[in-house]
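# Examining the three-dimensional arrangement
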Amino acid sequence: MEPIIIEGTPKTPTVHFDSGAGVFKLEGRSIPENSVEFYKPLVDWLDKYKENPLPKTTVEVKLEYFNTSSSKCILDVFKKLEIIHKARNDVEIKWYYEEDDEDMLEAGEDYESIIRVPFEMIETAD
Amino acid sequence: MSLNVENYFRNLLTDDVIFSYKGDISSEVINLILDSVERQTKEANDPSKIRKKVYNVLVESLQNLYHHADPVPGDFEDQGSRRFGMIVVNRNSSGYNITTCNFVKKNKVKQLADKLDKINKSSIQEIKEFYKFILHHQKITPKGGGGLGLVDIARKTGNELDYQFLDYNKEYAFFRLSIDINSLQDN
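For the structure given in this document, a descriptive report is provided here. (Residues numbered from 1 in each chain as written. Chains lettered and ligands numbered in written order. Predicted model: local features only at pLDDT ≥ 70, side-chain atom pairs only at ≥ 80, totals over all residues. Heavy atoms only, no water.)

## Regarding the overall build of chain A
Of regular secondary structure, chain A possesses three helices and six strands. Traced from its N-terminal end to its C-terminal end, chain A shows the element sequence β-β-β-α-β-α-β-α-β. C-alpha atoms of chain A, sized along the principal axes, occupy 35 × 25 × 25 Å. Taken over 126 residues, chain A has a buried fraction of 52%. Intrachain contacts of chain A at a sequence separation of at least 6 include 69% that bridge at least 24 residues. For chain A, the separation between the mean place of its 15 positive charges and that of its 28 negative charges on side chains is 10 Å. (Helix = DSSP H or I, 4+ residues; strand = E, 2+ residues; numbered from the N terminus. Buried < 20%, exposed > 50% of the residue type's maximum accessible area, 1.4 Å probe, protein only. Contact = heavy atoms within 4.5 Å. Lys, Arg positive; Asp, Glu negative; His and termini not counted. Charge placed at Lys NZ, Arg CZ, Asp CG, Glu CD.)

## Considering the packing of helix H3 (residues 48–68) of chain B against helix H6 (residues 149–157) of chain B
Residue and element names in this part refer to chain B. Where H3 contacts H6, the two axes come as close as 10 Å, and the packing angle between them is 160°. It follows that H3 is roughly antiparallel to H6 by the angle criterion. As for how H3 packs across H6, the hand of that crossing is left-handed. Across the interface between the two elements, Lys53, Asn56, Val57, Glu60, Ser61 and Asn64 of H3 pack against Gly149, Leu150, Asp152, Ile153, Lys156 and Thr157 of H6. (Axes fitted to C-alpha atoms, helices over the stretch in contact; angles between N-to-C directions. Parallel < 35°, antiparallel > 145°, perpendicular 65-115°, else oblique. Left-handed = near helix turned anticlockwise from the far one by under 90°.)

## Thoughts on helix H2 (residues 27–43) of chain B
When the terminal C-alpha atoms of H2 of chain B are compared, their 25 Å separation across 17 residues agrees well with the 24 Å that a helix rising 1.5 Å per residue should span. Residues Val29, Ile30, Ile33, Leu34, Ser36, Val37, Glu38 and Thr41 of chain B constitute the buried set of H2 of chain B. Of the surrounding elements, those touching the buried residues of H2 of chain B are strand S3 (23–30) and strand S4 (56–66) of chain A together with strand S1 (17–24), H3, strand S2 (84–92) and strand S3 (95–105) of chain B. Where H2 of chain B terminates, the next one or two residues include Asn45 of chain B, which has phi positive at roughly 60°. (Expected span 1.5 Å × (residues − 1).)

## Notes on unusual backbone geometry
Although it is not a glycine, Arg88 of chain A adopts a positive phi angle of roughly 65°. At Asn45 of chain B, a position not held by glycine, the phi torsion is positive, near 60°. By secondary structure assignment, the location of Asn45 of chain B is in the loop between H2 and H3. The class of Asn45 of chain B is exposed, set by a relative accessible area of 68%.

## Examining the pattern of salt bridges
Under the criterion given, the structure shown has 23 salt bridges over all chains. A salt bridge links Arg91 of chain B to Asp46 of chain B, with the shortest nitrogen-to-oxygen separation between them at 2.7 Å. Pair noted here: Arg91 of chain B is in strand S2 and Asp46 of chain B is in the loop between H2 and H3, with a separation of 45 residues, a long-range link. Residue classification places Arg91 of chain B among the partly exposed positions, given a relative accessible area of 30%. A salt bridge links Lys106 of chain B to Asp167 of chain B; the nearest nitrogen and oxygen atoms lie 2.5 Å apart. One end of the pair, Lys106 of chain B, is in the loop between S3 and helix H4 (109–121); the other, Asp167 of chain B, is in strand S4 (residues 162–167), with 61 residues separating them in the sequence. A residue is classified by how much of its surface remains accessible, and Asp167 of chain B, at 52% relative accessible area, is exposed. Through salt bridges that share partners, Asp47, Lys50, Glu51 and Lys80 of chain A make up one connected network. (Salt bridge = Lys/Arg side-chain N within 4 Å of Asp/Glu carboxyl O.)

See below:
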């Protein structure tokens, strides 16, 4: 599978989805006006990846900001991971939040309560 | 005599204003506003917790204008703006205030007012549950938000959303939304 590697911009995150690596990354800011346009290729990619996933998939989410338009799209990404996990593959979501950023921690906890995939909440220095 | 938008805007410009804008709300304009206000909150040395809340609320406020502002009425002076909006950001000792204004067709006023009233009547816990419910169950709209913006603002600020619909003409109201972000938050 061709990896998806996207450089971050002030409004969209850095994406590193590489089926050869087993660690997928989503990092930076996700505040585009049209989030669906940005996330659709990622969701489609995971749709294909789930047919033949690695035994262990780790997804690292290190977002500084995300808008409500992205929040739904991020859920769609996680739903694909849930399917992979349900098919008895090892999946983990590492949710990073900056020290003092309770809003970001709570956002991660929201996803954790909706998606049946193990989450790890990781606090980072500001 | 319909509302004079220019005068209304001028009256919002008090001494505490750190940023104001009136005109077309394009994606590029949103970038410029975000950059400017982010720079100023950094320069003011506000704690990162407050800076992030201000940034988040600003993103949602501007994107609400971008996605939901109705086209301007035919008799309005600024016919060049595809999406006309106003935004004023205030900073004082108690924190920040973000006020936005836009045109809303009168047939949509009740729905929006009901939504705001529902949010304002809810406890912070109810708002959090409401947010999660919409996130989980509501289909994504072509506009992308699925109606989460206002709920998110209320959740992040913990404050009531102060609003007003001013009469513009038979077809249009002028909607003002005013959001406080307290400088000292313990919640």
